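Working through the structure, step by step
One-letter residues, chain by chain:
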Amino acid sequence: MAEMIVQSPEEVIAFLKAQHNLIEDMFDEVLHASDPKAREKPFITLRQLLAVHETAEEMVVHPRVRREVTKGDAIVDARLQEEHDAKELLSSIESLDITSQEFVDELSKLRDAVLEHAEHEETEEFPKLERKLDADDLKRMGTAVRAAEAIAPTRPHPGVESAKLNLAVGPFASMLDRARDVIQQAIG
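Conventions adopted
Residues numbered from 1 in each chain as written. Predicted model: local features only at pLDDT ≥ 70, side-chain atom pairs only at ≥ 80, totals over all residues. Heavy atoms only, no water. Helix = DSSP H or I, 4+ residues; strand = E, 2+ residues; numbered from the N terminus. Buried < 20%, exposed > 50% of the residue type's maximum accessible area, 1.4 Å probe, protein only. Contact = heavy atoms within 4.5 Å. Areas by Shrake-Rupley, 256 points an atom, 1.4 Å probe, with all protein chains shown as cover. Expected span 1.5 Å × (residues − 1). Polar contact = N/O pair within 3.5 Å; in protein donor to acceptor, adjacent residues only side chain to side chain. Core = buried A, V, L, I, M, F, W, Y, C linked by side-chain atoms within 4.5 Å. pLDDT = per-residue confidence, 0-100. Axes fitted to C-alpha atoms, helices over the stretch in contact; angles between N-to-C directions. Parallel < 35°, antiparallel > 145°, perpendicular 65-115°, else oblique. Left-handed = near helix turned anticlockwise from the far one by under 90°. Nonpolar A, V, L, I, M, F, W, Y, C, P; charged D, E, K, R; others polar. Salt bridge = Lys/Arg side-chain N within 4 Å of Asp/Glu carboxyl O. Phe/Tyr/Trp six-rings, centres within 6.5 Å; stacked < 30°, edge-to-face > 60°.

1. Considering the overall build of the protein chain
The secondary structure content of the protein chain amounts to six helices and zero strands. Shown N-terminal to C-terminal, the secondary structure of the protein chain runs as helices and strands in the order α-α-α-α-α-α. Counting only residues that meet the buried cut, the protein chain has 47% of its 188 residues in that class. Restricting to contacts in the protein chain with at least 6 residues of sequence separation, those with at least 24 account for 74%. Carbon and sulfur atoms provide 54% of the accessible area of the protein chain, an area that totals close to 9,500 Å².

2. Thoughts on helix α1 (residues 12-31)
Taking 1.5 Å of rise per residue, 20 residues should cover 28 Å, and α1 covers 28 Å from first to last C-alpha, within 8% of that figure. Close packing links the buried residues of α1 with α2 (40-68), α4 (101-132) and α5 (135-151). For α1, the capping residue at the N-terminal end is E11, with a side-chain oxygen 2.8 Å from the backbone nitrogen of I13.

3. Brief notes about the nonpolar core
The biggest cluster of nonpolar side chains holds 21 residues, and the ones touching the most others in it are F27, F43, L50, L107 and L110. Among the secondary structure elements, those contributing two or more residues to this core are α1, α2, α3 (72-94) and α4. Excluding anything up to four places from it in sequence, L110 contacts F27, L50, A86, L89, L90 and I93. Within the second largest apolar cluster, 19 residues are counted, among which are F15, L16, L133 and M141.

4. Some details on the confidence of the model for the protein chain
Low pLDDT means the predicted atomic positions in that stretch should not be read closely. Summarising the model, the protein chain shows a mean pLDDT of 84, and 77% of its residues fall at 70 or more. This model gives residues 1-6 a pLDDT under 50, and the stretch forms 16 contacts once residues within four places in sequence are excluded.

5. What to know about unusual backbone geometry
Notably, K71 is not glycine yet its phi reads approximately 60°, a positive angle. Structurally, the position occupied by K71 is in the loop between α2 and α3. For K71, a relative accessible area of 68% puts it in the exposed group.

6. With respect to the packing of α2 against α3
Between α2 and α3, the least distance of the axes is 11 Å, while the angle of their chain directions is 160°. Relative to α3, the element α2 is oriented roughly antiparallel. At the point where α2 passes α3, the crossing takes the left-handed sense. Residues F43, R47, L50, E54, E57, E58, H62, V65 and R66 of α2 pack against G72, D73, V76, D77, R79, L80, E83, K87, L90, I93 and E94 of α3. For the contact of α2 with α3, the residue count by class is seven nonpolar, two polar and eleven charged.

7. Overview of the packing of α1 against α5
Axes are the key here: two packed helices are described by the angle between their axes and the distance separating the axes. Close contact between α1 and α5 brings their axes to 7 Å; oriented N to C, the two are set at 45°. In this view, α1 runs oblique relative to α5, as classed from their interaxial angle. In this structure, α1 contributes V12, I13, F15, L16 and Q19 to the contact, and α5 contributes L138, M141, G142, V145, R146 and E149. Within the contact of α1 with α5, the residues separate by chemical class into seven nonpolar, two polar and two charged.

8. A word on the pattern of salt bridges
Side chains that differ in sign of charge can pair as their charged atoms come close. Applying the stated criterion to the full structure yields twelve salt bridges. When the shortest N-O distance is used, the salt bridge between R111 and D28 registers 3.1 Å. Here the residue R111 occupies a position in helix α4, and D28 occupies one in helix α1, the gap between them amounting to 83 residues. Taking the relative accessible area as the measure of exposure, R111 reaches 18% and is therefore buried. A salt bridge links D73 to R66, with the nearest nitrogen and oxygen atoms 3.0 Å apart.

9. Some thoughts on the packing of aromatic side chains
How two aromatic rings sit relative to each other is given by the distance of their centres and the angle of their planes. Following the criterion strictly, the structure yields one aromatic pair and no others. Measuring from centroid to centroid gives 5.2 Å for F43 and F103, while their planes differ by 80°, and the two rings are edge-to-face. Residue F43 is found in helix α2, and its partner F103 is found in helix α4; the two are separated by 60 residues along the sequence. On the basis of relative accessible area, F43 is assigned to the buried category, the value being 5%.

If you want it as structure tokens, here you go:
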């Protein structure tokens, strides 16, 4: 899991934008795999990155936007709805045959939704947060995002999109997800 954490700037916005770029590349890797069976490993890595990335934003970034940004509640509520919808779609994709056309079609829909969500964050949320916070605050938030990602669940959990729910449910879900990941890796 540690290999998925992007080694990028300490500042939170640059870090998250770098992860957005990585997520886009990972979608392309899964969707353009030369052999349908070769999709599995990059898909698992993508699923894990999406899960930890969104959890960290829900725990660190969105609460700060609510507090610091004018009309922050409306901005965050829209992002949380997008995240919820993406988690539901990702959860349904997990049950599909990875070699099927249905998997490709549904993952393509998810890709479009996730990239649109990232664009909304980068144009509607991040610039306003950057204007409100100084460089030290942004670096501290970067540290907090990395810490949240290190303990976040590795699978989507629709319905857990708030900082409070992530704090209440997250550690248990993370423990179960990481145990499932290890078991699944061991049995193939």
